Amino acid sequence: MENKNQGLLPDYEKLFAEEAEHSRDGASVISKLLRQNSPKILLSAIMFAIKDSIGLISPIVTSNIINALVSPGDDLTTVIIKNAVLLVVLYILHIPGHAIYSKYVDNMLRTISAGLRRTIIRKLQHLSITYHKEIESGRVQSKFIRDIEAVEMLNNQIIKNVVPTVTMLLINVVIVLAKNWIVAAFFALVIPAEIIFVKVFRKKLADKNSLFRRENEMMATKVTEMMNMIPVTKAHGLEEEELIKLEDGIRRLRMKALDVDRLNAYFASSLHITMQMFNLLNLVFSAFLASKGIIDVGDIVLFQSYFSTIVARINILVAAVPEITKGIESVRSVSEIMFSNDVEDDKNKIKLRYVHGHLKFDKVCYRYPGTSEDTIKELELEVRPGECIAFVGGSGSGKSTIMNMIIGFLHPTSGQYLIDGKPVESLAMSDYRHFISVVPQNSILMTGTIRDNITYGMPGVIQKRLEEVLELANINEFLPTLPNGVDTVIGENGGKLSGGQKQRICIARALIRDPKILILDEATSALDNISEFHVQKAISELIKNRTTFIVAHRLSTIRDADRIVVMEQGRCVEIGTYDELMEKKGKFYELKTLSDVNVEG
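Residues numbered from 1 in each chain as written. Predicted model: local features only at pLDDT ≥ 70, side-chain atom pairs only at ≥ 80, totals over all residues. Heavy atoms only, no water.

Engineer: Help me understand the sheet that holds strand β10 (residues 571-576), please; the structure alone is not making it clear to me.
Structural biologist: Think of a sheet as strands paired side by side through backbone hydrogen bonds, with each pair either parallel or antiparallel. An order of β6-β7-β8-β3-β9-β10 is seen for the 6 strands of this open sheet, with the pairing classed as mixed. Two strands bound the open sheet, and with one partner strand each, they are β6 (436-439) and β10. Averaged over neighbouring strand pairs, the angle between their axes works out to 20° when direction is ignored. Summarising the sheet, β6 and strand β7 (residues 517-521) pair through 4 bridges and their orientation is parallel. The residue of β7 that forms the bridge with S437 is L518. Along the sheet, helix α13 (residues 399-407) contacts β3 (388-393), β6, β7, β8 (547-551) and β9 (563-568); its crossing angle with β3, the most-contacted strand, is approximately 145°. Across the sheet, helix α17 (residues 499-511) touches β6 and β7, and the angle it forms with β6 is around 175°. (Pairing = 2+ DSSP bridges. Helix = DSSP H or I, 4+ residues; strand = E, 2+ residues; numbered from the N terminus. Axes fitted to C-alpha atoms, helices over the stretch in contact; angles between N-to-C directions. Contact = heavy atoms within 4.5 Å.)

The following block contains the structure:
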């Protein structure tokens, strides 16, 4: 049932895609979003008018009774009773009417918000790894949390305030026009005053909200950075320095927020006084018309009530301007993610049903965007299925770039990278990656149990297979020491486990997928000798009968690799077995000698 409900959520990716080709404007995006839901919004307006008809009928009833009293006739009592009964009926109907309206509108708003969140999450998942590396995680969090909430408030303002207000405003104007066109003409004077107010303040409000939003994003980024740096900060006794740095950002954020608050307050108070002046003028004008016999005495109350209602509803519209301005700015912020073209597109690509693990780099070069030099230069390498290839080299030699190309995160800027004879550009990466497992240098675990982390994305794994993997990954060595065994909650990013234990869970996660291509990215470099022994034992089981790529920091761990590729400044300078390269006494021999010296030191 849950999956079925998820399928009912709207997808607004096409809407953003269409807008990306045109103005890329926040107001235009929200306009299209509302147009997609226009039938529902129209129905909500009709429902609101029906359930809130008391506000329309009450002034008419009051006017009828006053006019009957001023000019009494035989039917005075009947007039009073009929009008009173009408109001009582409307009062009674208001309660169920409001409940039905609220349920309908709340469901519509929640569905729109859920669809928007789903659309953004889908986009974040489809964006390339390069995009995620370039954008600060704090900015993404600010957009997804603060800006989405602001967009939700914008939708609330429009659907719960603006649409009903405009609906009732039009009905009020029609009734007044039907009663007396002279009074209706006087009412029309209010509209230009409101337009002037909005024009004067809207640009300033938009500018202030934009500055506040950017400052908020910067602050979110700094807080995320601070949280990541806490171990270093505390280890060096730099708490006060870090606090001073953040306090400066907090002060700037406070000033930007106060600027917005002050402008909003000045806007609201100025508008209130202006509308009260119009209210007074309407009372005087209506009294003058009644004294001349142009309207009935009771109509003074009717017109005054309608005028007050119209003014109040216009005030609601104008008061919503700051919130709408803020919401539109947040739509622009969210659109920065949605308008990005840095996505992986699997449309019309080959969907692999099986991967043998035959990979070939044919004069492959890769250059990162915005740089002037290739990171990988003319790489020539053919890997047979089941072969174990190790990459070694100094920092910046291109090892990680090659791993990202094997995973499909990066594509060659020249040359060809072939998977089972097919160019990587022609393949659907999401299908290809089902045959890959990666064990990174830094163990990436989610909050949950050991079972959750090992079977991530594979809920149908049977218990017997899980037990096999626990044994192969050498997890059973420490499992008895945990309170709930495989169902022990390990905390955020496995905070309750040692480095070696976390790495073995990552290995088990790779094993359970039975991958055809395996990538070990310095999987033991951050471990002590005892942890490395256990992890290395698990790795030896993991690499059997799989095409394996190893990035090694400790060169002694790759002695059994079929071939070792030595990288230097983006080029393959040597390739061979461990013994061949040691005998050659070239670059690998030099790196191995330095490695041994560092270990001894």
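Engineer: Please clarify how a nonpolar patch on the surface should be interpreted in this entry.
Structural biologist: On the surface, L42, L43, I46 and I50 cluster together into a nonpolar patch covering about 400 Å² of accessible area. Structurally, I46 can be placed in helix α4 (residues 38-51). (Patch = residues over 30% accessible without salt bridge, like charges linked within 9 Å, V, L, I, M, F, W, Y side chains within 5 Å. Areas by Shrake-Rupley, 256 points an atom, 1.4 Å probe, with all protein chains shown as cover. Salt bridge = Lys/Arg side-chain N within 4 Å of Asp/Glu carboxyl O.)

Engineer: Is there a simple way to explain the nonpolar core in this structure?
Structural biologist: For soluble globular proteins, the rule of thumb is that nonpolar side chains tend to be buried together. In terms of nonpolar packing, the biggest core is built from 40 residues, with V392, I450, I454, I475, I558, I564 and F588 touching the most fellow members. For this core, the leading source of residues is α17, giving 6 residues. If near-sequence neighbours (up to four positions away) are discounted, I454 is found in contact with L466, V469, L470, I475, I505, A508, R509, I512 and R513. The next biggest cluster of nonpolar side chains, apart from the first, holds 35 residues, and it includes M47, L127, V151 and I337. (Core = buried A, V, L, I, M, F, W, Y, C linked by side-chain atoms within 4.5 Å. Buried < 20%, exposed > 50% of the residue type's maximum accessible area, 1.4 Å probe, protein only.)

Engineer: Just checking my understanding: could you explain α13 for this structure?
Structural biologist: Three or four residues apart is the spacing at which side chains of an α-helix point the same way, because the helix has 3.6 residues per turn. Burial runs high along α13: 8 of the 9 residues are buried. Two residues or fewer past α13, G408 is found with a positive phi of approximately 100°.

Engineer: Explanation requested: unusual backbone geometry in the structure shown.
Structural biologist: Leave glycine aside and you will find that most residues have negative phi; peptide bonds, for their part, are mostly trans. Here the phi dihedral of K363 falls at roughly 50°; this positive angle occurs in a residue that is not glycine. Its place among the elements puts K363 in strand β1 (residues 359-366).

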